[in-house]
Amino acid sequence: MRARKSGNEQRNADLGIIGGSGLYEFPGLTDPEEFPVETPYGPPSAPPVVGTVGGRWVAFLARHGTGHRIPPSRIPVRANLYALKALGVTEVVSVSAVGSLREEYAPGHLVVPDQIIDRTRGGRPATFFSSGVVVHVSLADPYCPRLRAALTDAARAAHPTVHPAGTYLCMEGPQFSTRAESQLYRAWGMDVIGMTAQPEAKLAREAELCYAGLSLVTDYDCWHTGHDSVDARTVAEVMAANVIAARAVLSGLAHATAPADCACHHALDGAVLTDPLAAAQVPEEEVPALLRKGFARRG
Ligand SMILES: CSC[C@H]1O[C@H](OP(=O)(O)O)[C@H](O)[C@@H]1O
Ligand SMILES: Nc1ncnc2[nH]cnc12
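Residues numbered from 1 in each chain as written. Chains lettered and ligands numbered in written order. Predicted model: local features only at pLDDT ≥ 70, side-chain atom pairs only at ≥ 80, totals over all residues. Heavy atoms only, no water.

K.L.:
Honestly, the overall build of the protein in this entry has me stumped. Any pointers?
P.N.:
Summing up its helical and strand segments, the protein has six helices and eleven strands in all. Over its C-alpha atoms the protein spans a radius of gyration of 18 Å, differing by no more than 12% from the 19 Å that the globule rule assigns to 299 residues. In terms of overall dimensions, the protein has a C-alpha envelope of 60 × 40 × 30 Å along the principal axes. The proportion of buried residues among the 299 residues of the protein is 56%. Across the protein, contacts joining residues at least 24 apart in sequence account for 82% of those joining residues at least 6 apart. Of the accessible surface of the protein, which amounts to about 12600 Å², a share of 54% is contributed by carbon and sulfur atoms. (Helix = DSSP H or I, 4+ residues; strand = E, 2+ residues; numbered from the N terminus. Rg over C-alpha atoms; globule rule 2.2 N^0.38 Å. Buried < 20%, exposed > 50% of the residue type's maximum accessible area, 1.4 Å probe, protein only. Contact = heavy atoms within 4.5 Å. Areas by Shrake-Rupley, 256 points an atom, 1.4 Å probe, with all protein chains shown as cover.)

K.L.:
What is the right way to look at the pattern of salt bridges in this model?
P.N.:
Opposite charge on two side chains permits pairing when their charged atoms draw close. In total, this model carries seven salt bridges according to the counting rule given. Two residues, Arg 63 and Glu 200, come together in a salt bridge whose shortest N-O distance is 2.9 Å. Taken together, the positions of Arg 63 in the loop between β4 (56-62) and α1 (77-86) and Glu 200 in helix α4 (residues 197-206) put the pair 137 residues apart, joining distant regions of the chain. Grouping residues by exposure puts Arg 63 and Glu 200 together as buried. One salt bridge in this structure joins Arg 124 and Glu 172, with 2.7 Å as the shortest N-O distance. Of the two residues, Arg 124 sits in the loop between β7 (115-119) and α2 (145-158) while Glu 172 sits in the loop between β9 (167-171) and α3 (179-187), which places them 48 residues apart along the sequence. A single burial state applies to Arg 124 and to Glu 172, both of which are buried. (Salt bridge = Lys/Arg side-chain N within 4 Å of Asp/Glu carboxyl O.)

K.L.:
Just checking my understanding: could you explain the UniProt feature "binding site: phosphate" (unreviewed entry) in the protein for this structure?
P.N.:
Mapped onto this numbering, the UniProt entry gives "binding site: phosphate" (unreviewed entry) at Ser 21, Arg 63, His 64, Ser 96, Ala 97 and Thr 196. On the basis of their most widely separated C-alpha atoms, the annotated residues across 176 residues gather in one place, lying no more than 12.1 Å apart. In this fold, Ser 21 is placed in the loop between β1 (15-19) and β2 (30-34). With respect to the helices and strands, Thr 196 occurs in the loop between β10 (192-194) and α4. Look at Thr 196 and you get buried, because its relative accessible area is 11%. Thr 196 has contacts with Arg 63, His 64, Pro 72, Ile 75, Ser 96, Arg 124, Tyr 168 and Cys 170, leaving out every residue within four places of it along the chain. Within the local environment of Thr 196, its side chain forms a polar contact with the side chain of Ser 96, the two groups lying 3.4 Å apart. (UniProt positions renumbered as here; feature names shortened; annotations may be inferred. Polar contact = N/O pair within 3.5 Å; in protein donor to acceptor, adjacent residues only side chain to side chain.)

K.L.:
Looking at this structure, I do not really get the packing of aromatic side chains. What am I missing?
P.N.:
The relation between two aromatic rings is expressed through the spacing of the ring centres and the mutual angle of the planes. Tallied over the full model, the rule gives eight aromatic pairs. Ring plane angle 65° and centroid distance 6.5 Å describe the contact between Phe 128 and Phe 129, whose orientation is recorded as edge-to-face. Taken together, a centroid distance of 5.6 Å and an interplanar angle of 55° make the contact between Phe 129 and Phe 295 tilted. Of this pair, Phe 129 sits in the loop between β7 and α2 while Phe 295 sits in the segment after α6 (276-280), placing them 166 residues apart in sequence. Both residues of the pair, Phe 129 and Phe 295, belong to the buried class. (Phe/Tyr/Trp six-rings, centres within 6.5 Å; stacked < 30°, edge-to-face > 60°.)

K.L.:
Teacher, can you tell me more about the side chain of Asp 191 here?
P.N.:
In this fold, Asp 191 is placed in the loop between α3 and β10. At 2.7 Å, the side chain of Asp 191 forms a polar contact with the backbone nitrogen of Thr 167. Dropping the residues within four chain positions of it, Asp 191 is found in contact with Gly 99, Ser 100, Leu 101, Arg 102, Tyr 105, Gly 166 and Thr 167.

K.L.:
Could you clarify how one ought to interpret the nonpolar core in this entry?
P.N.:
Judged by nonpolar contacts, the single largest core of 49 residues is most densely connected at Leu 81, Val 92, Phe 129, Val 133, Val 135 and Phe 295. Secondary-structure elements contributing two or more residues to this core are β4, α1, β5 (91-100), β9, α4 and β11 (210-219). For this core, the element with the highest residue contribution is α1, accounting for six residues. Among residues more than four places away in sequence, those in contact with Val 92 are Gly 16, Ile 18, Leu 81, Leu 84, Leu 147, Leu 209, Cys 210, Tyr 211 and Ala 212. (Core = buried A, V, L, I, M, F, W, Y, C linked by side-chain atoms within 4.5 Å.)

K.L.:
Just checking my understanding: could you explain α2 for this structure?
P.N.:
Residues lying three or four places apart along an α-helix face the same way, a consequence of the helix completing one turn every 3.6 residues. Compared with an ideal rise of 1.5 Å per residue, which puts 14 residues at 20 Å, α2 spans 20 Å between its outermost C-alpha atoms and is within 8% of the ideal. For α2, every residue scored as buried is listed here: Leu 147, Arg 148, Leu 151, Thr 152, Ala 154 and Ala 155. Looking down the long axis of α2, one finds its buried residues gathered within 170° of arc, a one-sided arrangement. Seen from the buried face of α2, the exposed residues on the opposite side, beyond 90 degrees, are Asp 153 and Ala 157. On its buried face, α2 sits against β5, β6 (110-111), β8 (162-163), β11 and α5 (232-256). (Expected span 1.5 Å × (residues − 1). Arc of directions from axis to C-beta.)

K.L.:
What is the right way to look at the packing of α1 against α4 in this model?
P.N.:
Pairs of packed helices are described in terms of their axes, by the angle between the two and the distance that separates them. Contact geometry of α1 with α4 gives a least axis separation of 10 Å together with a crossing angle of 40°. Between α1 and α4, the angle is such that the two are oblique. α1 and α4 meet at a crossing whose hand is right-handed. Each of Val 77, Arg 78 and Leu 81 in α1 lies in contact with α4, whose residues at this interface are Pro 199, Glu 200, Leu 203 and Ala 204. Taken together, the residues that form the contact of α1 with α4 break down as five nonpolar, no polar and two charged. (Axes fitted to C-alpha atoms, helices over the stretch in contact; angles between N-to-C directions. Parallel < 35°, antiparallel > 145°, perpendicular 65-115°, else oblique. Left-handed = near helix turned anticlockwise from the far one by under 90°. Nonpolar A, V, L, I, M, F, W, Y, C, P; charged D, E, K, R; others polar.)

What follows is the structure, given as structure tokens:
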């Protein structure tokens, strides 16, 4: 049944796509329709657009809003993930422009990261559970291995150069790094750099959503002596040249996969320390019902 355009009770999309810099819409959607969703965390960056690709219902959300108006530090990440979950989404693919910190990851290549180092500065709301209930999710594998594998297959089918792993260093934005920072991150063994993987990955885990990243390398940041230092215009130009490939990957993923049960959907098992009776009594204003299904499975 087609989702209806009212409130938060639609349950009809299952694959969510968060489009980053350069990916503001997903024309591959059949019969697209905007679904303005209210959330307890305010409005999402933009209204999700729901349509079908292959056999799947897909909800697309532009991370930086219509016309790229929201900087990385101000993205309403909780609202974005809540909105997708309210639409019924169980798997989220997060598309990002990234700088490369390693020669082999060249501009134009795709990366499906497997790890994250969080260098944001603590100013981004980063948990759904800040009051009344104590939850510690595991982030040992911040990206869903099952969804990563499917995404890597789809990426390889659509693009000649795909790196199936990499550590994404998430810096605070909106400026780019200093050369000393860029060299430090290289010395740490980081592979790519961006500004948005956290707290998105952590909040997706708290919301018991599968989460994987499709990173498009746009530049060599500022460490490479053979390349100019990154600037925003270059990122936009390289993304514009690669956006068709990104859409092909996402479309291939939707065609090749179906919703499946996954450990990510049980991420709160064993993560809730609060007594179950007390957790059950936390007011809706502190933890919405949509996010507390895992409380019953204390594990
Ligand atoms: C426009 S360059 C910097 C900008 O691009 C990346 O955004 P996204 O991850 O949403 O594609 C990077 O993280 C910065 O926010
Ligand atoms: N070099 C870079 N640093 C941070 N975010 C980016 N997004 C694209 N390129 C980037």
